[in-house]
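Secondary and tertiary structure notes
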Amino acid sequence: MTLKNRIFLEALKRSNDQVNIPVWLLRQAGRYLPEYMKIRSQYSDFFQMIKKPEICKELTLQPLRRFPLDAAITFTDILTIPDAMGIPVEFIAGKGPVFSDSIQKNHLLRLNHEGALKKLEYVFEATALIKANIEVPLIGFTGSPWTLFVYLYYGKSPKSHDELYNYLELQSHNVHSYLEQLTDIIKDYVQAQIEAGADCIQIFDSWGGLLDQEYEELSLSYINQIVASIQTDVPVILYTRDKLIDNIIDSTPIKCFNLDTSDNIDKHLGKDITIQGNFDPKNFHADDEALKEMAQMVWTKYKDRKNYIFNLGSGLTPDVNPEKVEYFLNQLSSFRS
Ligand code: CP3
């Protein structure tokens, strides 16, 4: 389908000339939507569900049917890669992801490259199918090598970090070997999503904040290799959690950043980069009057910006009422010319 709405892509390239703020939301599909829960309840296993391209298409379209959004994001997950490399993941309610094995338990954990990209074909099929059914740009995505390494190290969402820091110090060679292996497959994964129709790629470095001095060596340098391998002018957005972007901007060719809720948005908007995000999803618990004021504030402050995309600093959580999201987004779109 042809693109009827380009304002998101224009903001990514800082070339929009309209008074308009593009809008999409982190985790705009998912458990806060009853229509998602209805489909989800038919599968005991999340991966079994996302391996069906038709279902991914349906789940991607669900928020677009409800809300005036300017971009879609492929319904899949960053943990598809470990799964395809022979480390299956289960999502256990209240516990998050649980892997069948981990580097922490098994220092010799092997990632299986043989046929891994083939096993990810369902993501590329879903991408093509979604692209054929939408009129807004499609965002493809991946976890960063570092963030996937952190999940593989713990075999679950990380809690205390002393052991990880010990491992980084004592097994630095192995750490780089895992990061290189993940970088290799992510390059192909991103390229295949672009070939299937993704108009933009977002890289989630959700655990980038665990690194301080070593961020550039262990995370950003690998992300930069992925960006350098992209053979088209498809824009890349970087999301790092718990990390101010000040030090990142000068060390990467990336020009678009999804701020978490803690960074200061105003300090970055004067630069030749595109800023997305920062809005706290907790705000959707406010009453209508307060939400209306927030929408008015966002519009007045940012409408003339060429480099601002409205989005959240972290994903929508299952406790958010979709009617609040709708109310807020309708307010924003009512201001449009
Ligand atoms: O509209 C969308 O954004 C949906 C697509 C999407 C999902 N995961 C679906 C999903 C996206 C973009 C992601 C990204 C993702 N996945 C990240 C990066 C963003 C961030 O929040 O930092 C991370 C770290 C993951 C890993 C992951 N996947 C976790 C920790 C979990 C457990 C629960 C949770 O929601 O945090 C998942 C499972 C998952 N991925 C669900 C969804 C809708 C919920 C699973 C369920 O329905 O049981």
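Note that the structure is predicted; figures quoted are calculated from it, not measured.

We now examine the overall build of the protein chain. Secondary structure summary: the protein chain contains 14 helices and nine strands in total. Computed over its C-alpha atoms, the radius of gyration of the protein chain comes to 19 Å, within 12% of the 20 Å expected for a compact globule of 337 residues. Counting only C-alpha atoms, the protein chain reaches 60 × 45 × 40 Å along its principal axes. Of all 337 residues assigned to the protein chain, the portion counted as buried reaches 57%. By sequence separation, contacts in the protein chain at least 24 residues apart represent 75% of the contacts at least 6 residues apart. With the model as given, the accessible surface of the protein chain reaches about 14600 Å², and the carbon-plus-sulfur share is 48%.

Let us now look at the pairing of strand β7 (residues 256-259). Side-chain direction in a regular strand flips from residue to residue, so the side chains alternate between the two faces of the sheet. Burial of β7 is two-sided: the residues C256 and N258 facing one way and the residues F257 and L259 facing the other way are all buried. Two strands pair when backbone bridges link them, and strand β6 (residues 236-240) and β7 are joined in this way by three bridges, in the parallel orientation. Looking at β7, one finds that L238 is bridged to F257. Alignment of β7 against strand β8 (residues 274-277), held across four bridges, turns out to be parallel. Paired with F257 across the bridge in β8 is I275.

Using the criterion set out here, one finds 13 salt bridges in the structure. The salt bridge involving R336 is made with D70; its shortest N-O contact spans 2.7 Å. In this pair, R336 sits in the segment after α14 (322-334) while D70 sits in the loop between α4 (53-66) and β1 (72-73), placing the two residues 266 residues apart along the sequence. Judged by its relative accessible area of 25%, R336 is partly exposed. Two residues, K267 and D246, come together in a salt bridge whose shortest N-O distance is 3.3 Å. Of the two residues, K267 is situated in the loop between β7 and β8 and D246 in helix α12 (residues 246-249); the sequence distance between them amounts to 21 residues. Residues participating in the shared-partner salt-bridge network are D246, D263 and K267.

As a structural note, the neighbourhood of the ligand is formed by 20 residues, with R27, R31, Y36, D77 and S206 the closest of them. At a separation of 2.9 Å, an oxygen atom of the ligand approaches a polar side-chain atom of R40. Computed on the free molecule, the ligand has an accessible area of 860 Å², of which 88% lies beneath the protein chains in the complex. Of the residues assigned to the shell around the ligand, the class counts are 12 nonpolar, three polar and five charged.

F8, M49, W146, F149, F310 and F328 are the most contacted members of the largest nonpolar core, which totals 126 residues. When residues in this core are grouped by element, the largest group, 11 residues, is from helix α10 (residues 172-196). If we skip the residues at most four places from it in the chain, W146 touches L164, L168, L179, D205, W207, G208, L210, L211, L218 and S219.

Of the pairings in the sheet, the one linking β8 to strand β9 (residues 308-309) comprises two bridges and is parallel in character. Across the sheet, residue I275 finds its bridge partner in β9, namely Y308. The handedness of the β8 to β9 crossover, carried by helix α13 (residues 288-302), is right-handed.

About the criteria used
- Residues numbered from 1 in each chain as written.
- Predicted model: local features only at pLDDT ≥ 70, side-chain atom pairs only at ≥ 80, totals over all residues.
- Heavy atoms only, no water.
- Helix = DSSP H or I, 4+ residues; strand = E, 2+ residues; numbered from the N terminus.
- Rg over C-alpha atoms; globule rule 2.2 N^0.38 Å.
- Buried < 20%, exposed > 50% of the residue type's maximum accessible area, 1.4 Å probe, protein only.
- Contact = heavy atoms within 4.5 Å.
- Areas by Shrake-Rupley, 256 points an atom, 1.4 Å probe, with all protein chains shown as cover.
- Pairing = 2+ DSSP bridges.
- Salt bridge = Lys/Arg side-chain N within 4 Å of Asp/Glu carboxyl O.
- Near = heavy atom within 4 Å.
- Polar contact = N/O pair within 3.5 Å; in protein donor to acceptor, adjacent residues only side chain to side chain.
- Nonpolar A, V, L, I, M, F, W, Y, C, P; charged D, E, K, R; others polar.
- Core = buried A, V, L, I, M, F, W, Y, C linked by side-chain atoms within 4.5 Å.
- Right-handed = clockwise from strand over helix to strand, strands pointing away.

Function cannot be inferred from these measures alone, as they are strictly geometric.
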